[in-house]
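Chains, contacts and geometry: an overview
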Amino acid sequence: MLLGQVGALVIKLAFLAALAAAFCYYQVHRTGSTRWLPFSRGGYHLATLSLMTSSALFLYLILTHQFQYTYIWNYSSTDLPLSLLLSTFYAGQEGSFMLWALFTSLIGVFLMQYSTENDYEPQVMSVYSLILGFLLLMLVVKNPFTFIWETFPNDLIQTGPVPAGITNYFMLDTAKNIWARYPVEGKGLNPLLQNYWMVIHPPILFIGFSAMAVPYAHAVAGLMKRDYNSWIRVATPWSVFGAMVLGTGIILGGYWAYETLGWGGFWGWDPVENSSLVPWLLCVASIHTTLTQRKSGAFVKTNFVLSILTFVTVLYSTFLTRSGVLGDTSVHSFVDPGMWVYWLLLACIALFGTIGFGLLFFRVKEMPKVPVEHSFVSREFALFLGAFALSFMALFVIIGTSSPIITTILKGKASAVEIMYYVRTNLPLGIVVTLLSGLGQLLWWHHSKAGSLLKSLMWPTILSVLLTGLILLMGWEEIEILLFMFCSAFSLFANLQVGYGIYRGNPKFVGGSIAHIGIAVMCLGFITSERYDDKATVTLEKNKPVPALGYTLTYTGYRPLERDRFAFDIEVVRGNLKKKVAPSMHFSEQSTLRHPDLINFLSKDFYVSPVSIEQAAGPKEETLILQKGEERPIGGFNVKFREFDFNAFERGAMLEGRSFVINVNLDILEGKRKSALILTMTNSGEGPVFTPASYTAANGSVYEFNLVRILPDREDRLKSRVELSVKMPEEPSAPKRDETLVVEASIKPMINLVWVGTVTFIVGFALTILRRAEEAKVHAKKWRQE
Amino acid sequence: MNVKVVVGVVVVVVGIVIGAVNFLESNVEYMDFATAERTNKRAQVKGVWVQEQPTSFDAENVKFTFYMRDDSDRTVKVVLDGAKPNNFEIAESIVAKGRFVDGEFHATEILTKCPSKYDGDAEAVKKSL
């Protein structure tokens, strides 16, 4: 038995074990007897162990370059360094589903322990095991261990004796002599993904996705247990954990786009980015509304809805980016995974949506009704509005991302919305959210007295007016940006004030304020770096200093990096400062990828992205592709490709591997003049050598012809073509230019705020997790004593 | 209570209207060159790059110029604001977003749809045997 078959079998085992665990846990819940409990736990652990085994097997196959597996052939190659080789695990769909499932199962091991302590094990784990089961079903359907001859049976499977000298084959049926060849080299990883971001970013996102299943499981468990309040305490540390990890993943993705992919900014409202933003927004909204429920018991239904929606949108986002529905409306290319995955993902959304909302529907009548007692000037109301605005943001983003589906239904043709849509809809909401994230902290629960509120508002307002004024010194802005700026500053100062107060009282409770400060600082960074940036397209002739954006740039030449990548060295000078940037371009077989480079100053980034490299512009060169007998105009005459001259002697030489010569015979027709021109390719085993020929036109100008390559057509020899380059005569008037690099340079003021804000916000979330986890522990102890 | 409900409903309705208007406005319609030229609207046109016609890059102004044939078989000169898009040469089809200016299509964005390099196809398998 082959390792891959073992792997596929173990995945099936994991799938069945997860389903069994879900069923047994449900029995524990239904009967209330612990008789089923050992089977439930055993089933879950078996599923986890099996999945770990198959993942380890998969990793082993990747590390040992087993290209007889389609997936490994598709995404990896022998020339990848270890870290990138590891990252090919999740470079494609099957592998990333496997990673997602693996993280889900591992988180579940901790969740099991945790929920036992909180008397939630049977319910939470039955829902959670079902989720794991469905992720595993995806792997059963889209098997990552598919053999390459199963994918391409017509091309690889052969019958008869295996010819001598072939070692890369696998015997499928010894009796009938059926065997399959397999590749010795893989296609390799997409060059865009070949950097360290690929190693860290996707795993973090998947941990975030996995964690989002936990609040969902708790919400459903709460509904199953008819416990409409305390599930929140149990679930909150996990929601905060999920939001922290997913948030970190989202920002890292943004940094990846900014630093290596050369999008120029960190957010492009791309479907892949949006699909992780939507669950994040909803999760953050739910963290806020659960606060109110703890305090006053209100928002019972809202909290169920938000927690269920968070996970359902994870599934929906996966559907959008994985099922191929977005087609060709985005810069990401979405592989069409086949109908199975499409329907399975839809079924997943339907199933988990129905379980959550269905149960909610049946329970809603018996839920406690808490009359609204707070006033409009209360923290409750601010939290409500904030969560409402966050949910609306999520709604707008998800509608925008679904645009190809919506337009297909409405107009019959898929089209994506432009970035403008996201900005216009989210900016007003962003203003509201940042304002409330400051104001809410200053308000009291239940009701705030005007006097104390005004007093606490004073300093944040004064300081944010000052800060806004300071930013405006860099330039005026439109009203919405101005408001966003002011509200972000207000949130920053209000939270500093409140946070300081809390810190002096109980430092453990300061997490929320710190997280808000982080977000506010990030928003300020977004505004300064995106709205106050300075851009210039600069044409840099080699070794000639060019002033741009207050700096002097000098292109000093290029040097090869690994594989087909070239770095372009640019000296950046300003006063005493002298630095170097080296943006690079990757010229792969058929395309060019551009990677920017930047200098990070304390107050700004100097960002340089390459646009193009122009060879030294002596005489102009044109290329021509001609088929046999074809005639084309160039300069003031016509060129006709008459024939190949490749005689029997040379052909024999080629077959024997000796050096051979192919002549390409051209006719030049200028007016009534007809002349012949012969271009030669000599192939001596070390690659072809071309011999040029020149033609002097009637007016005395000299055109130099050279052969670039021969494009043979194996099916129809008459259709074989040649590619020629023609060096045009030098025009005295044309400017002479050395090798020239075109770059786009930009200055992004205060972009460090974004990164400082990110770190701050992670710290804030981490502190909140600690606080809420401790609280849940106390709660668990109380429950055990009862 | 009633006032609250009314205010709430108004906020939701306004939100939805703003969203819907923006959605429709920013959804650039697909059409062919002929329709785009006639209506003079911002449009998305799907087609293929015409390799036989000259392709050039103006480094001074950062304009990439090429010829594109749409699905109705009309070939038009396209001027893109920017450099040659990634994967331009291997794209099996391209989508240009922009509008007509003096008989040329001025594109602000180009999406390239790539065929196979990373999708796995039989040709590549045979090559790597």
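A brief look at the structure comes next. Computed from a predicted model, the values in this text were never measured in an experiment. (Residues numbered from 1 in each chain as written. Chains lettered and ligands numbered in written order. Predicted model: local features only at pLDDT ≥ 70, side-chain atom pairs only at ≥ 80, totals over all residues.)

Points about the overall build of chain A
Looking only at helices and strands, chain A has 22 helices and 22 strands in total. Out of the 786 residues belonging to chain A, those deemed buried represent 46%. (Helix = DSSP H or I, 4+ residues; strand = E, 2+ residues; numbered from the N terminus. Buried ≥ 20, exposed ≤ 12 C-beta atoms within 10 Å, placed from the backbone.)

A word on the nonpolar core
Formed by 182 residues in total, the largest nonpolar core has its most connected members in A:Ala101, A:Leu136 and A:Leu281. Among all residues touching A:Leu281, those that are not within four sequence positions of it are A:Leu390, A:Met393 and A:Ala394. (Core = buried A, V, L, I, M, F, W, Y, C linked by C-beta atoms within 7 Å. Contact = placed C-beta atoms within 7 Å.)

What to know about the packing of helix H10 (residues 213–225) of chain A against helix H13 (residues 300–322) of chain A
Residue and element names in this part refer to chain A. Orientation of H10 relative to H13, taken along the N-to-C sense of each, is 140°, at an axis distance of 8 Å. On the basis of the axis angle, H10 is oblique to H13. The handedness of the crossing between H10 and H13 is left-handed. Of the residues in H13, those touching H10 at Ala213, Pro215, Tyr216, Ala219 and Leu223 are Phe304, Ser307, Ile308, Thr310 and Phe311. Residue composition of the contact of H10 with H13, grouped by class: eight nonpolar, two polar and no charged. (Axes fitted to C-alpha atoms, helices over the stretch in contact; angles between N-to-C directions. Parallel < 35°, antiparallel > 145°, perpendicular 65-115°, else oblique. Left-handed = near helix turned anticlockwise from the far one by under 90°. Nonpolar A, V, L, I, M, F, W, Y, C, P; charged D, E, K, R; others polar.)

Considerations on helix H18 (residues 450–472) of chain A
Residues and elements named next belong to chain A. Look at H18: 31 Å from first C-alpha to last across 23 residues, which is about the 33 Å you get at 1.5 Å a residue. A bend of about 35° at methionine 458 is the largest found in H18, and the proline proline 460 appears one to four places after it. Along H18, the residues that are buried comprise Ser456, Pro460, Ser464 and Ile471. Contacts from the buried residues of H18 go to helix H17 (419–442), helix H19 (479–505) and helix H20 (511–531). (Expected span 1.5 Å × (residues − 1). Bend = angle between axes of the 7 residues up to and from the residue.)

Some details on the pairing of strand S8 (residues 577–581) of chain A
All names here are of chain A. With five bridges connecting them, strand S7 (residues 565–574) and S8 associate as antiparallel partners. Bridge pairing in S8 places valine 572 opposite lysine 579. In this antiparallel pair of consecutive strands, S7 and S8, the connection spans two residues, and glycine 575 shows a positive phi of 60°. (Pairing = 2+ DSSP bridges.)

Observations concerning the pairing of strand S16 (residues 660–670) of chain A
Residues and elements named next belong to chain A. The sheet contact formed by strand S15 (residues 637–645) and S16 spans seven bridges and is antiparallel. Pairing of asparagine 638 across the sheet is with leucine 669, part of S16. Judged from the eleven bridges that link them, S16 and strand S17 (residues 673–683) form a sheet pairing that is antiparallel. Each residue of the ladder has a partner; that of valine 664, found in S17, is leucine 679. Adjacent in sequence and paired antiparallel, S16 and S17 are bridged by two residues, among which glycine 671 carries a positive phi angle near 60°.

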